[in-house]
Amino acid sequence: MINNIVDIYFDAPMSFEARNISTLKGIVGLYFIFSSNIFIKYPFGCSKLLYVGMSEKKTNSIGSRLIGHFEGKSKNAGLVNYRKAEPLKFTYINFDMLKDIWKFRIEDLESYFILNFVENFGVYPICNNKAGFEILNSDITTHFKIDWSYFK
């Protein structure tokens, strides 16, 4: 049963640079890395979105996760190579803003967003390779209308 639909809009994009990432230490939630200019042709449409990631702990915050991608320590070859090809951008959602309306884990929220992207574009974002979405087995009462046009 759907009790609540919440519109999700993204904050202003930031350049994928260490100085912008360092301000996000201690913040948990979701982050989105996308191309500045390259449109990926997905089955159901084009998007600049490359990757949806998450941080579930303040000790491994969005800032820590993003710096891992920035420095290549995350070993995500797709992100490393897109970064070599052109400047990237990112945005994020602070989980504190949603925790009153989302009763599941941050991991489940990430799965929700990725599956919603699949529904709208036909496949996972090109640099995601996540599998196993337990959220499909849950009784979700809050749904999000995600503004994917942000990445067009």
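Residues numbered from 1 in each chain as written. Predicted model: local features only at pLDDT ≥ 70, side-chain atom pairs only at ≥ 80, totals over all residues. Heavy atoms only, no water.

If you check an unreviewed UniProt entry, the protein appears there as GIY-YIG domain-containing protein from Endomicrobium trichonymphae.

**Points about the nonpolar core**
Membership of the largest hydrophobic core comes to 46 residues, with the highest contact counts inside it found for Phe-32, Ile-33, Leu-66, Phe-113, Phe-144 and Trp-148. Considering each element in turn, this core owes the most residues, 7 residues, to helix H4 (residues 106-121). Setting aside its immediate chain neighbours within four residues, Trp-148 contacts Phe-32, Leu-49, Phe-113, Asn-116, Phe-117, Asn-120 and Phe-121. (Core = buried A, V, L, I, M, F, W, Y, C linked by side-chain atoms within 4.5 Å. Buried < 20%, exposed > 50% of the residue type's maximum accessible area, 1.4 Å probe, protein only. Helix = DSSP H or I, 4+ residues; strand = E, 2+ residues; numbered from the N terminus. Contact = heavy atoms within 4.5 Å.)

**Re the side chain of Thr-142**
With respect to the helices and strands, the residue Thr-142 is situated in strand E8 (residues 142-146). Given a relative accessible area of 6%, Thr-142 falls into the buried group. A distance of 2.7 Å separates the side chain of Thr-142 from the backbone oxygen of Ile-101, its partner in a polar contact. (Polar contact = N/O pair within 3.5 Å; in protein donor to acceptor, adjacent residues only side chain to side chain.)

**Structural notes on the environment of Asp-96**
Along the chain, Asp-96 falls in the loop between strand E7 (88-94) and H4. Given the relative accessible area of 41%, Asp-96 is considered partly exposed. For the pair Asp-96 and Gly-29, spaced 67 residues apart in sequence, the C-alpha to C-alpha distance is 7.7 Å. Side-chain polar atoms of Asp-96 contact the side chain of Lys-99, separated by 3.2 Å.

**Concerning the environment of Pro-43**
By the secondary structure assignment, Pro-43 is in the loop between strand E4 (40-42) and strand E5 (45-47). Residues Pro-43 and Tyr-150 lie 107 residues apart in sequence; the distance between their C-alpha atoms is 18 Å. With residues near it in sequence (within four places) discarded, Pro-43 still touches Phe-121, Gly-122 and Val-123.

**Things to note about the sheet that holds strand E6 (residues 49-55)**
Across the sheet, which stays open at both edges, the 4 strands sit in the order E2-E7-E3-E6 with antiparallel pairing between neighbours. Taken across any chain shown, the strands that pair with only one partner, and hence form the sheet edges, are strand E2 (14-15) and E6. Looking at chain direction, E2 and E7 are connected through 2 bridges and run antiparallel. Counterpart to Ser-15 in the pairing with E7 is Lys-89. The strands that helix H2 (residues 62-71) touches are strand E3 (29-35), E6 and E7; relative to E3, the one it contacts most, it runs at about 30 degrees. (Pairing = 2+ DSSP bridges. Axes fitted to C-alpha atoms, helices over the stretch in contact; angles between N-to-C directions.)

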